[in-house]
Amino acid sequence: MTSTVDESRLAVDGGAPVRTEPFPARQPFSEEGVALAAEAIRSGSLSGSNGRLTTRFEREVADLYGARHAVAVSSGTASIHTALAALDPAPGSEVISAPITDAGSIAPVLFQGCVPVFADLDAHLGMDPDSVERLITPRTVAIVAVHLFGNATDVRRLREIADRHGIALLEDCSQAHVTRLEETYLGRYGHIGMFSMQQSKHMTTGDGGFAITDDDALADGMRRFRDKGWARQGFGPRSYPSLGLNYRITELQAAVAIPQLSIVASVVERRQRFAAVVDAVLASVPGVSTMTAQPGCAPSYWCYPFFVDDWPVDRFCEALAAEGVPTQPGYIGEAIYSCMAPLRDRATFGGSGYPLTEPAHPPVAYPAGLCPVAEDALRRLVVFWAHEDMTEQDARDVGAAIAKVATAFRG
Ligand SMILES: *Cc1c(COP(=O)(O)O)cnc(C)c1O
């Protein structure tokens, strides 16, 4: 009797898994951040309004991106809300966005009384510029371009389209910190670039965000909006020239963010190296495919996405998990217009359906099938939560596990 280990036998069927060790946890925070945070606490004031660290953070973000202004806010969602509010759109205005994104790209549109409109995707998970242009109407005020998974939406063409129609281009760079399209960082093609510093993002403060712009008036509008509409002028009587909320950060977020500004490029490089290793393995595996870069872009891989083309994605991911590689099939599941009840069921403000029921506006609906390319991609999409503290061996294991499952499924 021989007892050779059958290496091709899937772990779900009782075979040996590719990997038994858990993947390493991410360590985004440095001792320098700890020291700055301790300093801030000992100073007795954590307020970010004119705070030493918050002011420094904003200046260094602006320098990093080569922008005139950076405005720090409490989340990525807040950055998008703040940017839209600075445009001051009339109720019922339309904002074109992407079908695969976080709710944080869309909820601010509704809170500003605007109607989200969805452009379908191109072959690189970017918004298809032709689809965007077809959706422009006299009510359109802005395009919120989403750079999904750190891969660029073609904002060169979107900026040209936006300028031709006299509308704003806002870039949601939550998943695309220091990511280049040609020589220029994403976030610099639009009128405003918006970033999240939520825990999973390339730079993180647990929660936090910022917006960058060259436009003085938009920067002023954003600074007021994040500060209750307040035009601060020292002490004395107050003036609130516009409506606003409180989306300020504190010195604590600035303290942990500042040291990350000097390493975020290396965070991106390490994620790119991880992706290159897995991509190279999957190139010779029939039945699965990889995300292709938008021409001219080096994606920054907020996560490592791939597609299962030939088999049900849930079964594939179950087998992959048994091999020691946990993944998330489908990313957000359904298109954002199907998984957000505020869009799907108009569950917005007190049963009114506002702003999706504005009398001035033609009836709005978000039926399944609205963006077929995106919906098809979601059915095949798998996300592995790769990060910069994973090693080349970790990447090889991920590639080997995917290859093993695909080979076994092909039979
Ligand atoms: C994370 C994210 C947001 C929201 O950012 P928060 O900081 O969680 O509010 C918005 N858009 C995209 C594409 C994101 O990935």
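All values derive from a computational prediction rather than experimental measurement.

A.B. asks: I'm lost on the overall build of the protein in this one. Help?
C.D. replies: Scanning the protein from N- to C-terminus turns up 14 helices and 13 strands. The 411 residues of the protein split such that 54% are buried. Within the protein, contacts between residues at least 6 apart in sequence are counted, and of these 71% link residues at least 24 apart. Charge separation in the protein, taken as the distance between the mean sites of 35 positive and 49 negative side-chain charges, equals 5 Å.

A.B. asks: Would you mind going over the sheet that holds strand β9 (residues 209-213) with me for this structure?
C.D. replies: Neighbouring strands of a sheet are bound in pairs by backbone hydrogen bonds; such pairs are parallel or else antiparallel. Spatially, 7 strands are ordered β1-β9-β8-β5-β4-β2-β3 in an open sheet, and the strand pairing comes out mixed. The open sheet terminates on both sides in strands that have one partner only, identified here as β1 (69-73) and β3 (115-118). Ignoring strand direction, the axes of neighbouring strands in this sheet form an average angle of 20°. Two strands pair when backbone bridges link them, and strand β2 (residues 94-97) and β3 are joined in this way by 4 bridges, in the parallel orientation. Residue pairing in the sheet places Ser 97 in a bridge with Phe 118 of β3. Running over the sheet, helix α4 (residues 103-111) touches β2, β3, β4 (140-146) and β5 (168-172) and is turned about 140° from β3. Each of β1, β8 (192-196) and β9 touches helix α7 (residues 216-225); the most contacted strand, β1, lies at about 15° to it.

A.B. asks: Before we go on, may I ask you to explain the pairing of β3 in this structure?
C.D. replies: As a general feature of sheets, a regular strand has side chains that alternate between the two faces. Both faces of β3 are covered, namely the face carrying Val 115 and Val 117 and the face carrying Pro 116 and Phe 118. Handedness of the crossover joining β2 and β3 through α4 is recorded here as right-handed.

A.B. asks: What is the right way to read the site of the ligand from this model?
C.D. replies: Surveying the vicinity of the ligand reveals the residues Ser 75, Gly 76, Thr 77, Thr 101, Asp 102, Ser 105, Asp 172, Ser 174, Gln 175, Ser 196, Gln 198 and Lys 201. Contacts to the ligand include Ser 196, whose side-chain N or O atom sits 2.7 Å from an oxygen atom. For the ligand, an oxygen atom lies 3.0 Å from a polar atom in the side chain of Lys 201. Protein chains bury 92% of the 380 Å² of accessible surface belonging to the ligand in isolation. The class makeup of the residues in the shell around the ligand is no nonpolar, 9 polar and 3 charged.

A.B. asks: What is the right way to look at the sheet that holds strand β10 (residues 288-290) in this model?
C.D. replies: Pairing is antiparallel across the open sheet formed by 4 strands, whose spatial order is β10-β11-β13-β12. Every other strand in the sheet has two partners, leaving β10 and β12 (328-329) as the edge strands with one partner each. Where β12 and strand β13 (residues 381-384) come together, 2 bridges link them in antiparallel fashion. Paired with Pro 329 across the two strands is Val 382, which belongs to β13. Here helix α13 (residues 372-380) sits on the sheet and contacts β10, β11 (304-308) and β13; the angle it forms with β13, its principal contact strand, is near 55°.

Reading the values: the criteria
- Along each chain, the written sequence defines residue order, and numbers are assigned to residues from 1.
- The predicted origin of the model limits local features to residues at a pLDDT of at least 70 and limits the giving and counting of side-chain atom pairs to 80 or more, whereas totals for whole chains, interfaces and linings rest on all residues.
- Note that water and hydrogens are dropped before the side-chain values are worked out from all heavy atoms of the structure.
- Each helix is a run of DSSP H or I of at least 4 residues and each strand a run of E of at least 2, with the numbering of both proceeding from the N terminus.
- Only protein chains enter the accessibility calculation, which uses a 1.4 Å probe. A residue is then buried if its area is under 20% of the maximum for its type, exposed if over 50%, and partly exposed in between.
- Here, residues are in contact when the closest pair of their heavy atoms is within 4.5 Å.
- His residues and chain termini do not enter the charge count, which takes Lys and Arg as positive and Asp and Glu as negative.
- To locate a charge, take NZ of a lysine, CZ of an arginine, CG of an aspartate or CD of a glutamate.
- DSSP calls a pair of strands paired once it identifies at least 2 bridges connecting them.
- Note on geometry: axes are C-alpha line fits, over the in-contact stretch for helices, and angles between N-to-C directions span 0 to 180 degrees.
- Whether a crossover is right-handed depends on one test, that the path from the first strand over the helix to the second runs clockwise when the strands point away from the viewer.
- The criterion for a residue being near a molecule or strand is simple. One of its heavy atoms has to lie within 4 Å of it.
- Any pair of N or O atoms that falls within 3.5 Å is considered a polar contact. Within protein, one atom must be able to donate a hydrogen and the other to accept it, and sequence-neighbouring residues count only if both atoms are side-chain atoms.
- Reported accessibility uses the Shrake-Rupley method at a 1.4 Å probe radius. Residues are deemed covered only where the shown protein chains occlude them.
- When residues are sorted by character, Ala, Val, Leu, Ile, Met, Phe, Trp, Tyr, Cys and Pro go into the nonpolar class, Asp, Glu, Lys and Arg into the charged class, and all the rest, Gly among them, into the polar class.

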